[in-house]
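# Close look at the chain arrangement
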2 protein chains.
Amino acid sequence: MTSSGRPAFVFDLDGTLLDSVYQHVTAWQRAFAAIDVDLSVWRIHKRIGMSGSLLAKRVSHESGRELTQEQQDKVVALHTEYFTESVDRVQPLPGARDLLVALSEADVPWIIATSGQADEAESHLAKLDLPEEPPWISSAEVASAKPDPEILTAAAEQLGVDPPECIVVGDAVWDLLAARRAQMLGVGLMCGGYSQQELIEAHAFRVFMDPADLHASLDQIGVSLE
Amino acid sequence: MTSSGRPAFVFDLDGTLLDSVYQHVTAWQRAFAAIDVDLSVWRIHKRIGMSGSLLAKRVSHESGRELTQEQQDKVVALHTEYFTESVDRVQPLPGARDLLVALSEADVPWIIATSGQADEAESHLAKLDLPEEPPWISSAEVASAKPDPEILTAAAEQLGVDPPECIVVGDAVWDLLAARRAQMLGVGLMCGGYSQQELIEAHAFRVFMDPADLHASLDQIGVSLE
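In short, a report on the structure. Residue indices begin from 1 for each chain and proceed along its sequence in written order. Naming scheme: in the order in which they are written, chains are lettered from A and ligands are numbered from 1. Reporting of local features is limited, given that this is a predicted model, to residues whose pLDDT is at least 70; pairs of side-chain atoms are given and counted only at 80 or more, and all residues count toward the totals for whole chains, interfaces and linings. The basis for the side-chain values is all heavy atoms of the structure; hydrogens and waters are excluded.

## A few points about the interface of chain A and chain B
- Contacts between chain A and chain B engage 25 residues on the former and 25 residues on the latter.
- Defined in terms of a 1.4 Å probe, buried area is the accessible area two parts forfeit on being brought together, summed over both. Across the chain A to chain B interface the summed buried area is about 2,200 Å²; carbon plus sulfur atoms make up 54%.
- Should a side-chain nitrogen of Lys or Arg be within 4 Å of a carboxyl oxygen of Asp or Glu, the pair is scored as a salt bridge. Counting every contact that joins chain A to chain B gives two salt bridges.
- When the shortest N-O distance is used, the salt bridge between Asp210(B) and Arg43(A) registers 3.8 Å.
- Polar contacts, as counted here, are pairs of nitrogen or oxygen atoms within 3.5 Å of one another; within protein the pair requires one atom able to donate a hydrogen and one able to accept it, and residues that are adjacent in sequence qualify only if both atoms are side-chain atoms. Applying the counting rule to chain A against chain B returns five residue pairs in polar contact (both at pLDDT 80 or more).
- Secondary structure elements follow DSSP: runs of H or I of four or more residues count as helices, runs of E of two or more count as strands, with numbering from the N terminus. Listed by contribution, the elements that provide at least two residues to the side of chain A that touches chain B are α1 (21-34), α2 (41-45) and α9 (196-201) of chain A.
- The residue classification treats Ala, Val, Leu, Ile, Met, Phe, Trp, Tyr, Cys and Pro as nonpolar and Asp, Glu, Lys and Arg as charged. All others, Gly included, are polar. Looking at the side of chain A that touches chain B residue by residue, the classes come out as 10 nonpolar, eight polar and seven charged. Whether two residues are in contact is decided by their heavy atoms, any of which lying within 4.5 Å being enough.

Right under this line is the structure:
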């Protein structure tokens, strides 16, 4: 626990604070189709939350296709292009803004750690409609993205807290696997489309529906805002 | 079992044979947004496979909004419109065509039972690229859609087999709950985005990844094509 006797939070962005997973899934499918790789959509969904280049590599491998570096780069670029086309329809998840504002008001440290690309992050963060720009870190700043724990460790460092003081909040099994490897507690949210059981099997300390449900249940993970 | 000593199959369409769940989810979200109901996408996904009007009623209720009959009708019509816009990107799931052709060649009776609308069904069935028009039934022909078992019972009747001889293949918990109530075995496919555990909890007799995986595993459910 931090010197305040309370944990610090490291939040994932897509699927955890923003309702953007399905737009990402659809954008990936279109990007793969553009290079003549037909993939079942559910396989893409299960890889969301990994870095784009890792997803491109793994999903195409699962489909029995090995992409060249050039093809991987193209599919990542096309995903960005197609996602941008649908970004207007991305909304914050219920309670996301209220939760973050409440944590700030109670002086609970928090940061957003996203596998998304750094040049997109600012416009996506704006969708949270926060009173000031939130602290954030993207996987561009570290050598390897989730499920590697490096971005979480860097996030803790930026907050000035030790990893075991951090609670990672994420919707994907990759967030939770990374949290466990970083010696942090992982809290799973179902609003990215993973089931409770999948999140528990990825070592979620506790699972909630969405940010509003987490906010109402903070006492369950030892956080009091009073 | 039928007189041939082998079961008959009742297949769901969307998410089971066609990779269309995510297009449906996105179309529903756009439709709800058009009548100023902002819904988290994962809540829509969990209701896919129900009839459209039931989905409209339940999802809006969950969000704390009660829709008038006029609003429900509008959201159902808009979903159809938006889905049609993206239908060109809908592909068959891996192995769907091969499985159905193999069953036909082995004289195993099968039928497609879809909660989708009857006027859309024919163009969607065409995506399976089958050698002849498949036998099918839509929920328009029965009073209540899945998770009610009525469409499954009607499908068995159309095949001329008794319900306990039927194996229902579906990707949604609603298919499997309906199967159990119809006294049929339910086989779950993960390709619609539900997890194995969710399908097992909905009484799946067995869970496979997609039609290709089911095809390769038919012996596990007592079906031999030889």
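And the narrative resumes.
## Some thoughts on the packing of α1(A) against helix α1 (residues 21-34) of chain B
- Where α1(A) meets α1(B), the closest approach of the two axes is 10 Å, and the angle between their N-to-C directions is 135°. Looking at the two axes, α1(A) sits oblique to α1(B). As α1(A) runs across α1(B), the sense of the crossing is left-handed. Contact residues: α1(A) offers Tyr22(A), Gln23(A), Val25(A), Thr26(A) and Gln29(A), while α1(B) offers Tyr22(B), Gln23(B), Val25(B), Thr26(B) and Gln29(B).
- A class-by-class count of the residues in the contact of α1(A) with α1(B) yields four nonpolar, six polar and no charged. Note on method: axes are straight lines fitted to C-alpha atoms, helices fitted across the in-contact stretch only, with angles between N-to-C directions ranging 0 to 180 degrees. Oblique is the label for every angle not falling under 35 degrees (roughly parallel), over 145 degrees (roughly antiparallel), or within 65 to 115 degrees (roughly perpendicular). Rotating anticlockwise by less than a right angle from the far helix to the near helix defines a left-handed crossing, while the corresponding clockwise rotation defines a right-handed one.

## Some thoughts on the sheet that holds strand β3 (residues 136-138) of chain A
Residue and element names in this part refer to chain A.
- Pairing within the open sheet is parallel, and its six strands lie in the order β3-β2-β1-β4-β5-β6. Across the chains shown, the open sheet's two edge strands, defined by having one partner strand only, are β3 and β6 (206-208). Neighbour-to-neighbour, the strand axes of this sheet turn through a mean angle of 25°, independent of strand direction.
- When DSSP finds two or more bridges between a pair of strands, those strands are recorded as paired. Where strand β4 (residues 166-170) meets strand β5 (residues 185-189), four bridges bridge the pair, whose relative direction is parallel. Residue pairing for β5: Val168 is matched across the bridge by Gly186.
- Helix-sheet contacts for helix α6 (residues 118-126) involve β2 (110-114) and β3, and the interaxial angle to β3 is about 145°.
- Running over the sheet, helix α7 (residues 150-159) touches β1 (8-11), β2, β3 and β4 and is turned about 150° from β2.

## Side note on the relation of the copies chain A and chain B
- Superposition of the copies used a least-squares fit over C-alpha atoms from residues whose pLDDT is at least 70 in both. For the pair chain A and chain B, the relating rotation is 180°, the translation along its axis is 0.0 Å, and the fit reaches an RMSD of 0.0 Å. Expressed as a symmetry operation, the mapping of one chain copy onto the other fits a two-fold axis.
- When the interface residues of chain A are mapped onto chain B, 100% of them again fall at the interface, so both copies present the same face.

## Digging into the side chain of Lys146(B)
All names here are of chain B.
- Within the secondary structure, Lys146 is located in the loop between β3 (136-138) and α7 (150-159).
- Engagement of the side chain of Lys146 in a polar contact is seen with the side chain of Asp12, the distance being 3.1 Å.
- Of note is the side chain of Lys146, whose polar atom sits 2.9 Å from the side chain of Asp175.
- Not counting chain neighbours up to four residues away, the residues in contact with Lys146 comprise Asp12, Gly49, Met50, Ser51, Leu54, Ala113, Ser115, Ile151, Trp174, Asp175 and Ala178.

## Here we look at α1(A)
- In this model α1(A) runs 20 Å from its N-terminal to its C-terminal C-alpha over 14 residues, within 8% of the 20 Å that 1.5 Å per residue would give.
- The buried count for α1(A) comes to 11 of 14 residues, which makes it a mostly enclosed element.
- Within α1(A) the residues assigned to the buried category are Val21(A), Tyr22(A), Gln23(A), His24(A), Val25(A), Thr26(A), Ala27(A), Trp28(A), Gln29(A), Ala31(A) and Phe32(A).
- Next to the buried residues of α1(A) lie α2, α3 (52-62) and α4 (69-86) of chain A together with α1 and α2 (41-45) of chain B.
- Positive phi shows up at Asp36(A), right after α1(A), with a value of about 65°. Here the expected span of a helix is defined as 1.5 Å times the quantity of residues minus one. Relative accessibility decides the category of a residue: with a 1.4 Å probe and only protein chains considered, values under 20% of the type maximum give buried, values over 50% give exposed, and everything between is partly exposed.

## Here's the deal with the sheet that holds strand β5 (residues 185-189) of chain B
Residue and element names in this part refer to chain B.
- Pairing is parallel in the open sheet, where six strands are placed in the order β3-β2-β1-β4-β5-β6. Two strands lie at the open edges of the sheet, namely β3 and β6 (206-208), each paired on one side alone. Within the sheet, the average angular offset between the axes of one strand and its neighbour, ignoring direction, is 25°.
- Contacting β1 (8-11) and β2 (110-114), helix α5 (residues 96-105) crosses the sheet at an angle of about 155° to β1.

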